[in-house]
Amino acid sequence: MSGRWSFYLAIEGHSTFGKPIEDVLEAQNQLMQAIFRVGRYCYPQHPDQLFVLQCGDGFLVASEFHEESLERCATIAVAVMQHIASGGRWCRGAITEGELSDIQDSYPQEVRDCFVEDHTYSMHMGLMTTSPVMGTALTQALALDRIGPQGPLLFIRQPMTPRLGAAVPVVEMKACGLTSIDWVHMRTPLLSELRRKATLEWQDAEVLESQLDNYCRTHAVPEDWARNVHQLLHIPSAHHQATD
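Attention here is on the structure that accompanies the text.

### What about the environment of Val 168?
- Within the fold, Val 168 resides in the loop between β10 (154-157) and β11 (170-173).
- Between the C-alpha atom of Val 168 and that of Val 184, which follows or precedes it by 16 residues, the distance is 11 Å.
- Leave out the neighbours within four places in its chain, and Val 168 touches Glu 71, Ala 74, Ile 181 and Met 186.

This is how it looks when you write it as structure tokens:
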């Protein structure tokens, strides 16, 4: 199906700050659980059901059909990011749309003849595990995440921004053609409903502001990372306030 919206979310900080793998796995499990709850308890049926694919240390979430409005897509991503942030961890992601297709039937017959189970193929003593889907909904989301500025941010390409709707707060970055969604301050009826149904955690915006500012001041984050947090997420700096 073409034109499906998708977003990719991954735990921020693993590659940037070199966190221990145990911490990353715990955070990744929280990310997985949050996405699972949204899919199971908020959108379990046709035509709103979600399709989720784990990609490395992140997850791709996609719709079944094209949707002109991208508010639902952004709201799901923001709800998950706020849930992770309530535990003192951060996500990073990108929103796009494209095609997503099952590619298993295109595998070489020699490989398919050795099918075991669950996308796994026997190589005698070894095993090959494959990803069953591919398409621009995946590749574009991953590419967008790679080119976006550093930080716990949620991006979308500027031409798609109007489709988010007025309820989604954004900051446009004309120099790079991207828009950053202010997931810290987003508060909408749909977001509240989704959190309630999926039993996701959240914090007041003021609490998230303090947590993010404190994180920037107490961790060895790159300068660009901290600057983007304050500028693109409208996070007041306690240091600046103290010196004014």
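### Details of the pattern of salt bridges
- Per the stated rule, a full pass over the model turns up 10 salt bridges.
- Its salt-bridge partner being Glu 97, residue Arg 163 comes within 2.8 Å of it at the nearest N-O pair. Taken together, the positions of Arg 163 in the loop between β10 and β11 and Glu 97 in strand β4 (residues 91-98) put the pair 66 residues apart, joining distant regions of the chain.
- In this structure Arg 163 comes out as buried when scored by relative accessible area, which is 17%.
- Measuring nitrogen to oxygen at the nearest pair gives 3.2 Å for the salt bridge that ties Lys 174 to Glu 172.
- Judged by relative accessible area, Lys 174 falls into the exposed class, the value being 65%.

### What about helix α8 (residues 223-232)?
- Buried within α8 are the following residues: Trp 225, Ala 226, Asn 228, Val 229, His 230 and Leu 232.
- Immediately beyond the C-terminal end of α8, within one or two residues, lies His 234, with a positive phi of roughly 55 degrees.

### Details of the sheet that holds strand β6 (residues 115-117)
- The strand order β6-β7-β8 describes an open sheet built from three strands, whose pairing is antiparallel. Edge strands, defined here as strands with exactly one partner in the open sheet, are β6 and β8 (126-129). Going across the sheet, the axis of each strand differs from the next one's by a mean of 40 degrees, ignoring polarity.
- Bridge analysis of β6 against strand β7 (residues 120-123) gives two bridges, and the strand direction is antiparallel. Residue pairing across strands places Glu 117 opposite Thr 120, the latter belonging to β7.

### A short note on the nonpolar core
- Judged by nonpolar contacts, the single largest core of 59 residues is most densely connected at Phe 7, Leu 31, Val 38 and Trp 183.
- Ranked by residues supplied to this core, first place goes to helix α3 (residues 71-85) with 10 residues.
- Non-local contacts of Trp 183, meaning those with residues more than four positions away in its chain, are made with Val 78, Met 81, Gln 82, Ala 85, Trp 90, Pro 152, Leu 153, Leu 208, Leu 212 and Leu 233.
- Membership of the second largest hydrophobic core comes to 12 residues, among which are Tyr 8, Cys 55, Leu 60 and Ala 141.

### A look at the packing of aromatic side chains
- What the rule picks out here adds up to five aromatic pairs.
- Between Tyr 107 and Tyr 121, the ring centres sit 5.9 Å apart and the planes meet at 75 degrees, which makes this aromatic pair edge-to-face. Residue Tyr 107 is located in the loop between β5 (101-102) and α4 (109-112), and its partner Tyr 121 is located in strand β7; the two are separated by 14 residues in the primary sequence.
- Relative to Tyr 121, the ring of Phe 115 lies with its centre 5.7 Å away and its plane at 70 degrees, an arrangement referred to as edge-to-face.
- These aromatic residues form a ring-pair network of at least three members: Trp 90, Tyr 215 and Trp 225.
- The residue whose ring lies beneath Arg 4 is Phe 51, and the NZ or CZ to ring-centre distance is 5.2 Å.

About the thresholds
- Residues numbered from 1 in each chain as written.
- Predicted model: local features only at pLDDT ≥ 70, side-chain atom pairs only at ≥ 80, totals over all residues.
- Heavy atoms only, no water.
- Helix = DSSP H or I, 4+ residues; strand = E, 2+ residues; numbered from the N terminus.
- Contact = heavy atoms within 4.5 Å.
- Salt bridge = Lys/Arg side-chain N within 4 Å of Asp/Glu carboxyl O.
- Buried < 20%, exposed > 50% of the residue type's maximum accessible area, 1.4 Å probe, protein only.
- Pairing = 2+ DSSP bridges.
- Axes fitted to C-alpha atoms, helices over the stretch in contact; angles between N-to-C directions.
- Core = buried A, V, L, I, M, F, W, Y, C linked by side-chain atoms within 4.5 Å.
- Phe/Tyr/Trp six-rings, centres within 6.5 Å; stacked < 30°, edge-to-face > 60°.
- Lys NZ or Arg CZ within 6 Å of the ring centre and 35° of its normal.

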